[in-house]
Amino acid sequence: MSIRIGIGLDVFSGPGIDADAVAFFARVTAAGGTLSATEITAINKLVKDMKAAGIWTSMKAVYPMVGASAAACAQNLISSSFTGTFFGGWTFASSGVTPNGTNAYMDTNLNVLLNISITSAHLSYYSRTNSASNWDMGVTQGTSTVMGLILKRSTGLSEVDMFSDISEAFSTETDSRGFYLGTRTSNINLKFFKNLTLKATSVVPDTGNLYNGNLYVGAVNGNIQYGNKECALASIGNGLTNTNATDLYTTVQAFQTTLSRQI
Amino acid sequence: MIGYKLTTTQKEDIQGKEYAPYQAFNCVQDINNIWFTFLTDEDKLILVNSNYKWLLDCPQAEYVPPIPPPFPPTI
């Protein structure tokens, strides 16, 4: 059996091609998007590497931002759920998707209250831009109901919030390029990674709440504020251990390297 | 940043509407509460052959963002 991808390549299911990768290719094609042969190879390796590392099942949504179009980049690698919609001014390129910092966001259609556990959650964002802005990803209704990432603010700080501002983890930041991961594995354990480095930890007991609304990429839902960093992958899912975090970075970095867009 | 200035009626006509698969309008207010939207060159190529072609005739102006809400606090 084969599936015809938009550019005319035949991708055969079998030992070499993961079934979930094939399903993703089919979603992209059905949406009107196309992928290059290199992107197909990179996606297949990403899926297989994530499964081999045991982190695939921790993911609810992974947006690999391939295909240089809204139709392709809106697709969730994990399943047909949580397909995104891009609002406002975005630039789509083979290197990723860039919000204009003024009115752009992607609605993931992932409702936090319905899909996220308050004691086990993560967000990640692979940034290819060094710039200051406000929220790059998340939701918030204020200081006690927030889930989000800020990679570099004008104050020179970066932070992850889950789910109360009281228990945020933050650190200084000079260059917002790289792979950022915020992960909560209990109500007192919040960690903030950049690449392979643990940037910050919070052990303050969390007293926050889950937002009843969709998580955004490129901005924060709620009191909306916008980011401006090119995104080459974003993910949402369950909490990740230190080993999981290392494995996720390693697999994502290999994916970006295959696509020649690694930081 | 230069954007297209919209009346409130124009804003209500397009806000949240899809103009291409998986792409929708989002309008924002400037510091004087005037509505704006922003279009990339790719967006303009799409709109020129759509029912939203009129947007390209709207006046353009510099967008000055409103002062952001206080959260997150400055640490």
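An account of the accompanying structure is given in this report. This is a predicted model, so every value here is computed, not measured.

On to helix α1 (residues 19–31) of chain A, then. Residues and elements named next belong to chain A. End to end, α1 covers 18 Å across 13 residues, agreeing with the expected 18 Å (1.5 Å per residue, within 8%). Regarding α1, the residues found buried are Ala 21, Val 22, Phe 24, Phe 25, Val 28, Thr 29 and Ala 31. Where α1 terminates, the next one or two residues include Gly 32, which has phi positive at roughly 100°.

Another point: unusual backbone geometry. Residues and elements named next belong to chain A. Looking along the chain, the bond that leaves Met 162 and enters Phe 163 is cis, with omega of 0°. Residue position: Phe 163 is located in strand β11 (residues 157–163). A positive phi angle is found at Asn 109, which is not glycine, with a value near 60°. You can see Asn 109 is positioned in strand β7 (residues 105–111).

Residues and elements named next belong to chain A. Orientation of α1 relative to helix α2 (residues 37–52), taken along the N-to-C sense of each, is 140°, at an axis distance of 8 Å. Our classification of the angle between α1 and α2 gives oblique. The way α1 lies across α2 gives a crossing that is right-handed. Judged by residue contacts, Asp 20, Ala 21, Phe 24 and Phe 25 of α1 engage Ile 40, Ile 43, Asn 44 and Val 47 from α2. Across the contact of α1 with α2, the residue classes tally to six nonpolar, one polar and one charged.

Conventions we followed
- Residues numbered from 1 in each chain as written.
- Chains lettered and ligands numbered in written order.
- Predicted model: local features only at pLDDT ≥ 70, side-chain atom pairs only at ≥ 80, totals over all residues.
- Helix = DSSP H or I, 4+ residues; strand = E, 2+ residues; numbered from the N terminus.
- Expected span 1.5 Å × (residues − 1).
- Buried ≥ 20, exposed ≤ 12 C-beta atoms within 10 Å, placed from the backbone.
- Axes fitted to C-alpha atoms, helices over the stretch in contact; angles between N-to-C directions.
- Parallel < 35°, antiparallel > 145°, perpendicular 65-115°, else oblique.
- Left-handed = near helix turned anticlockwise from the far one by under 90°.
- Contact = placed C-beta atoms within 7 Å.
- Nonpolar A, V, L, I, M, F, W, Y, C, P; charged D, E, K, R; others polar.

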